[in-house]
Protein chains: 2
Amino acid sequence: MKTKKQVIFEEAAKLFQEKGYSAASMRDLADRVNLKASSLYSHIKAKEEILQKICFDNASHFTQGMDTVEKSGQSPEEKVRALLRLHLEIALDDPTSITVFNDEWKHLEEPHLTRFLNLRRDYENRFRTIIQEGIASGVFRSVDPTVALFTLLSSLRWIHYWHRPSRKIDREALLRDVTAILLNGLRSGK
Amino acid sequence: MKTKKQVIFEEAAKLFQEKGYSAASMRDLADRVNLKASSLYSHIKAKEEILQKICFDNASHFTQGMDTVEKSGQSPEEKVRALLRLHLEIALDDPTSITVFNDEWKHLEEPHLTRFLNLRRDYENRFRTIIQEGIASGVFRSVDPTVALFTLLSSLRWIHYWHRPSRKIDREALLRDVTAILLNGLRSGK
DNA sequence: GTCTATAACTTGATAGAC
DNA sequence: GTCTATCAAGTTATAGAC
């Protein structure tokens, strides 16, 4: 059984995705969970608390996934493949949340904004290092590692359009096609 | 010489990028152009007029670029290459505007919202057709054309981070690397 | 925990003097 | 065209009854 607090966070993620954080009001949110706006404050402290939870929960998923990938001892190529899977799984499992995470983090207040940007920068650096290793070993094409990094990172930002509940078969097909394009694109001709 | 109206539109694009359309107030904008908020209304009719201009100017650039590409009589592969260049040129020439175009169109009011979504859908359909032709002729990898389409479309959504004024050399290097990854990724092994 | 009432403030936009 | 003054509506959040 979901707690009311959980329901509030889930509906908030949907609402923030649809209207954006700033345009989404606490009255909108209250309507969706059949409460008056003031009653929301029995469950949460402030509107921004919801944004913080969405942003840092997602950041945590990415960081934990990166931890696993780094420990795996795989080749750079297999690591990139695993990271593409990680991004796609997160994007499909929590599509509204990931959209808010991608687009609305700018509305975090300090010190949370700085903390968030630090987490993101660390993740990007770890991803870039893997790409650089692949380039150094000749497996990956000789491109600017930052260009490759952001091309991969942003190429999945449409995935939430794709989401339909319980579509396990499509998920594997989607992963196969996306990986085919991006990983083959990254591979050198050798 | 720039008219005051032009300056207002340019500063608005920057402001909307930084804070998002909803969080950016007319008083914020007025401060940036050294006016009082009420004076803005001597130059524009409403806040949403600015958003409309940004969205539809960008849409027009993409549509005109697609017109040229379709008329070129090139192969699907060369057409995709030209479209990647089109996206990158637009993204680098007007980076704040393109960010607003990508993320803030949802705040358009009807009937502009529907008109915008129709333009976008038409553009996507024309792009998808080119990809399908490439797949049919065996030049492109056999993937879901919609997956390929959105992977390409979203892959440049980080470009505004890259922007520095007058960086013509980097522009060609950037285009070369992005094209190398995405076009080689799309190509079949044959 | 949920409500009504309301405080304290910000929003986009207009009226009218200069 | 720009200003001051202002409006009507909407914002997050709190106080206190039940």
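Residues numbered from 1 in each chain as written. Chains lettered and ligands numbered in written order. Predicted model: local features only at pLDDT ≥ 70, side-chain atom pairs only at ≥ 80, totals over all residues. Heavy atoms only, no water.

### Focus on the relation of the copies chain B and chain A
When chain B is fitted onto chain A, the two copies agree to an RMSD of 0.1 Å after a turn of 180 degrees and an axial shift of 0.0 Å. The transformation just described matches what one would write down for a two-fold rotation axis. Within chain B, G185 of chain B has its C-alpha nearest the rotation axis, a separation of 1.8 Å. Counting the interface residues of chain B, we find that 100% of their copies in chain A are interface residues as well, pointing to one common contact surface. (Least-squares fit on C-alpha atoms with pLDDT ≥ 70 in both. Contact = heavy atoms within 4.5 Å.)

### Here we look at helix α5 (residues 95–103) of chain A
Residue and element names in this part refer to chain A. With seven of nine residues buried, α5 is to be regarded as a mostly interior element. Regarding α5, the residues found buried are P95, T96, S97, I98, T99, V100 and F101. Those residues of α5 hidden inside the fold are in contact with α1 (4–19), α3 (47–71), α4 (76–93) and α6 (112–136). (Buried < 20%, exposed > 50% of the residue type's maximum accessible area, 1.4 Å probe, protein only. Helix = DSSP H or I, 4+ residues; strand = E, 2+ residues; numbered from the N terminus.)

### Describing the environment of L153 of chain B
All names here are of chain B. Tracing the chain through its elements places L153 in helix α8 (residues 145–154). With 66 residues separating them in the primary sequence, L153 and H87 have C-alpha atoms 8.3 Å apart. Apart from the residues within four sequence positions on either side, L153 is in contact with H87, Y123, E124 and F127.

### Section: the protein's contact with DNA strand C
In the vicinity of DNA strand C, 15 residues are found, and the nearest of them are K36, S38, S42 and H43 of chain A together with Y41 of chain B. In the interface set of DNA strand C, defined as its atoms within 4 Å of the protein, sugar plus phosphate atoms amount to 51%. Between DNA strand C and K36 of chain A there is a distance of 2.7 Å, counted from a phosphate oxygen to a backbone nitrogen or oxygen. (Near = heavy atom within 4 Å. Polar contact = N/O pair within 3.5 Å; in protein donor to acceptor, adjacent residues only side chain to side chain.)

### A word on the nonpolar core
One finds V80, F127 and L174 of chain A together with V80, F127 and L174 of chain B to be the most contacted residues of the largest nonpolar core, which totals 126 residues. Once residues lying within four places of it in the same chain are set aside, the contact partners of F127 of chain A are M66, V80, L83, H87, L149, L152 and L153 of chain A. (Core = buried A, V, L, I, M, F, W, Y, C linked by side-chain atoms within 4.5 Å.)

### Here's the deal with the environment of G65 of chain A
Here G65 of chain A shows up in helix α3. The spacing of G65 of chain A and I90 of chain A is 25 residues in sequence and 9.9 Å in space, taken between C-alpha atoms.

### Digging into the protein's contact with DNA strand D
For DNA strand D, the set of nearby residues contains 15 residues, the closest of which are R27 of chain A together with K36, S38, S42 and H43 of chain B. Here DNA strand D approaches the protein such that, of its atoms within 4 Å, sugar and phosphate make up 52%. One of the side-chain N or O atoms of S38 of chain B is found 2.7 Å from a base oxygen in DNA strand D. Here S39 of chain B contributes a side-chain N or O atom positioned 3.0 Å from a phosphate oxygen of DNA strand D. Residues of the surface near DNA strand D, tallied by class, amount to five nonpolar, six polar and four charged. (Nonpolar A, V, L, I, M, F, W, Y, C, P; charged D, E, K, R; others polar.)

### Quick word on the interface of chain B and chain A
Each side of the interface is counted separately: chain B has 36 residues, and chain A has 36 residues. Of the roughly 2800 Å² buried between chain B and chain A on both sides combined, carbon and sulfur atoms contribute 65%. Of all residues in chain B, V147, W158 and I181 of chain B give up the largest surface area on contact with chain A, accounting jointly for 21% of the area buried on that side. When residues of the side of chain B that touches chain A are traced back to their parent elements, those giving at least two are α1 (4–19), α8, α9 (159–162) and α10 (168–186) of chain B. The dominant element in the side of chain B that touches chain A, judged by the number of residues it contributes, is α10 of chain B, at nine residues. (Buried area = accessible area lost by both parts, 1.4 Å probe.)

### Overview of the domain arrangement of chain A
Residue and element names in this part refer to chain A. Each domain of chain A was delimited in the assignment, giving domain 1 (1–44) and domain 2 (48–186). Placing the centre of domain 1 and that of domain 2 at their C-alpha centroids yields a distance of 27 Å. Each partner contributes to the interface: domain 1 provides 12 residues, whereas domain 2 provides 14 residues. With both sides pooled, the region where domain 1 packs onto domain 2 buries about 1100 Å², and carbon together with sulfur makes up 73% of that total. Three residues, F9, Q17 and Y21, lead the burial of domain 1 against domain 2; their summed loss comes to 54% of the area buried on that side. Summed over the shared surface of domain 1 and domain 2, the number is four residue pairs in polar contact (both at pLDDT 80 or more). (Domains from an automatic or database assignment.)

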